[in-house]
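Spelled out from the first residue to the last, the chains are:
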Amino acid sequence: MRHSWGLGVGLVLLVIAAIGSYWAISRPQQPRPNPAVDITGKPKLVVLVVFDQMRGDYIKKWQPLFGDGGFKRLQADGAWFTNCHYPYAYTLTAPGHSSLVTGTSPNKHGVIANDWWDREYGEQVASTTPPPPERERMIAGPYRRKSESVGDSLLNTLMGKARVASMSIKERAAILMAALRAQLCYWFDTSNGRFHTSPYYRPEPHSWANAFNRPKPADRWLGKTWDRFNPKLDYVKYSGPDDFPSEGTGYLQGQTFPHPFKYGETKKKKADVQNYYDAVTNSPMGSELLLDFAKTAIVAEKLGQADTVDLLCISFTSNDYIGHTWGPDSQEVLDITLRSDAIMKELLDFLDDKVGKGNYTLAMSADHGVGPLVEFAKKEGKTAGRVAPELLSSMAEDFLNKKYLPKGEKAPWLLPLKRPTAWIYLNPTTITEHLLCQKDVERALADWYEAQPGVEKAFTFTDMLNEPKEPSNLYTMVKRSFHPDCSGDVMVILERYHMFSPPSLAENPEKNSSYRATHGTPHPYDTHVPLLVMGPRIQPGVRDQRIEPQTMASILAEALGVPPPKDAEYPVPAGLFKE
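This section reports on the structure supplied with the text. (Residues numbered from 1 in each chain as written. Predicted model: local features only at pLDDT ≥ 70, side-chain atom pairs only at ≥ 80, totals over all residues. Heavy atoms only, no water.)

**Quick word on the nonpolar core**
- Membership of the largest hydrophobic core comes to 113 residues, with the highest contact counts inside it found for M167, L312, M344, L351, L362 and M364.
- For this core, the element with the highest residue contribution is helix 13 (residues 331-354), accounting for 10 residues.
- Here L362 is in contact with V47, V49, L74, M344, L347, L348, L351, L532, V533 and M534, once residues within four sequence places are set aside.
- Counting 26 residues, the second largest nonpolar core, distinct from the first, contains Y90, M477, C486 and M491. (Core = buried A, V, L, I, M, F, W, Y, C linked by side-chain atoms within 4.5 Å. Buried < 20%, exposed > 50% of the residue type's maximum accessible area, 1.4 Å probe, protein only. Helix = DSSP H or I, 4+ residues; strand = E, 2+ residues; numbered from the N terminus. Contact = heavy atoms within 4.5 Å.)

Here's what the structure looks like:
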């Protein structure tokens, strides 16, 4: 199991942070377009590529380090939107992937987080958890996404003539990008080293998927190491030191290069094997593995080979795991970004060969950005800190006990979340038993939070239902992350460069070793992501106007020749497509 104190499973709450010199980056160079590329036809294949946790500034500041044919090709032959930001507060994997393909925010599509409390059934659920009737069969699926995706629009428009394929290392990424009835949806299982699907989509994996899994391709790195992609490059010059004290160690991978791939040391076979597969996904080799699987799927399913058009969605997860472990200013994140450039080149070359230049459209973005390691921010002169996670649970209950009960008495004020989220859920039974008003308890708790060190602001469920006449930008972003069916009763926003995690974490790299930096805030370093699109009719060029990643759904729909998803709120940017 992956360890997580942070927002990847919901423990790090919203952080308000200042950007400072982060945005003082020179305008990127616009490479010359390739005149040989046909941009006038209609695509046979439309591809969405997501690099999980790829912050928007990465492909600017590291542009000179990329090779030819990968990101530089997208930047030259495609449109590059440099000022793309999510408009909502809780920037996580599940909401991000859902937003990209639905064209709307969590307040409409309903995927507010990776996990939340299901008020109807009284239990905590993940974004792909099936309802109770399907629970025993563990049929993971997109049950909780309330808005249709661009893949749904494609299948509804071209019934029986088009196909939708979606894949990732993460289950939630693959499922939430896919159409409700996608013909192909796969993700990687670190318990056994195989790609698998859900009975929601099909009873058994495709024969070609079984053939791919049979020789255990994920085992090829056992006993080997992950070292720097470009040994001649001065990594310190372009990132940070390789041994920054508060970096994590991953899955027995260590803080510094080279990082080994090995079994765990618990003497429990299943856990020790999973440690190895977790290490693979917590490295660039996870991206290599996924690309191999995607190429196999394209060939076996003949995607882009029919008279109609297909949609392929690929989300590369390993960037996210690496960023959480070593932080965005690490040599490891620089390395995975350089390797992502190489991955993109390999994918584009493969599509040129199998589908043909001018026969496909490829769009690239990310589900969220990431904030710096707290200790790195301090080193840069910023006010930063780690806040005790108990503020979300025992400390909050202590406050409510003292406020509402006789001295020494206690009550269960909070619902029992196994995986804490950005929303705090009050126990309605306790409130009723003590004849209290729900909104008064919400307000009291929110006011208490706002008096705590490191806390910037707290919003309540009632606040979200009663919008002020002149709402602040922060209120609006939080409301776009709010859905009354599943959001909690109080949301806490920490001060800049703060995160919920044990304050002692910096002194113990082995503790919570794969989760040292995080995301999930309304701050620009978490909302800023890249957006590039290349293909037929696309007008190349660097574009600096501010847009939202949800624009992606309309862009993909236009490329596919189908209507945007019903809830899509953001149109295609003016002038992106040639008439």
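**So, the pairing of strand 4 (residues 115-118)**
- For strand 4 and strand 5 (residues 123-126), the ladder comprises 4 bridges, and the chain directions are antiparallel. Bridge pairing in strand 5 places D115 opposite A126.
- Counting the residues in the hairpin turn of strand 4 and strand 5 gives 4 residues, including G122, whose phi is positive at 65°. (Pairing = 2+ DSSP bridges.)

**Some details on the packing of aromatic side chains**
- Counting across every chain of the model gives 27 aromatic pairs.
- Centre to centre, the rings of Y58 and W62 are 5.1 Å apart; their planes meet at 40°, and the pair counts as tilted. For the pair formed by Y58 and W62, the shared burial category is buried.
- Here Y263 and Y276 contribute two aromatic rings whose centre-to-centre distance is 6.1 Å and whose plane-to-plane angle is 75°, an arrangement assigned as edge-to-face. Note that Y263 is positioned in the loop between strand 10 (259-260) and helix 10 (269-281) and Y276 in helix 10, a separation of 13 residues in sequence. (Phe/Tyr/Trp six-rings, centres within 6.5 Å; stacked < 30°, edge-to-face > 60°.)

**Side note on the side chain of D272**
- In this structure, D272 sits in helix 10.
- Buried charge D272 goes without a salt bridge, the closest partner of opposite sign being K267 at 6.6 Å.
- When residues no more than four places from it in sequence are discounted, the contact partners of D272 are Y263, G264, E265, T266 and K267. (Lys, Arg positive; Asp, Glu negative; His and termini not counted. Salt bridge = Lys/Arg side-chain N within 4 Å of Asp/Glu carboxyl O.)

**Concerning the pattern of salt bridges**
- For the structure on display, the rule yields 28 salt bridges.
- Linking D57 and R55 is a salt bridge whose minimum nitrogen-to-oxygen distance equals 2.8 Å. Assigned by exposure class, D57 and R55 land together as buried.
- As a salt-bridge pair, K354 and D353 come within 3.7 Å of each other at their nearest N and O atoms.
- D353 sits in the exposed class, given a relative accessible area of 57%.
- Salt bridges here are not isolated pairs; linked through shared partners, they connect D52, K170 and D320.

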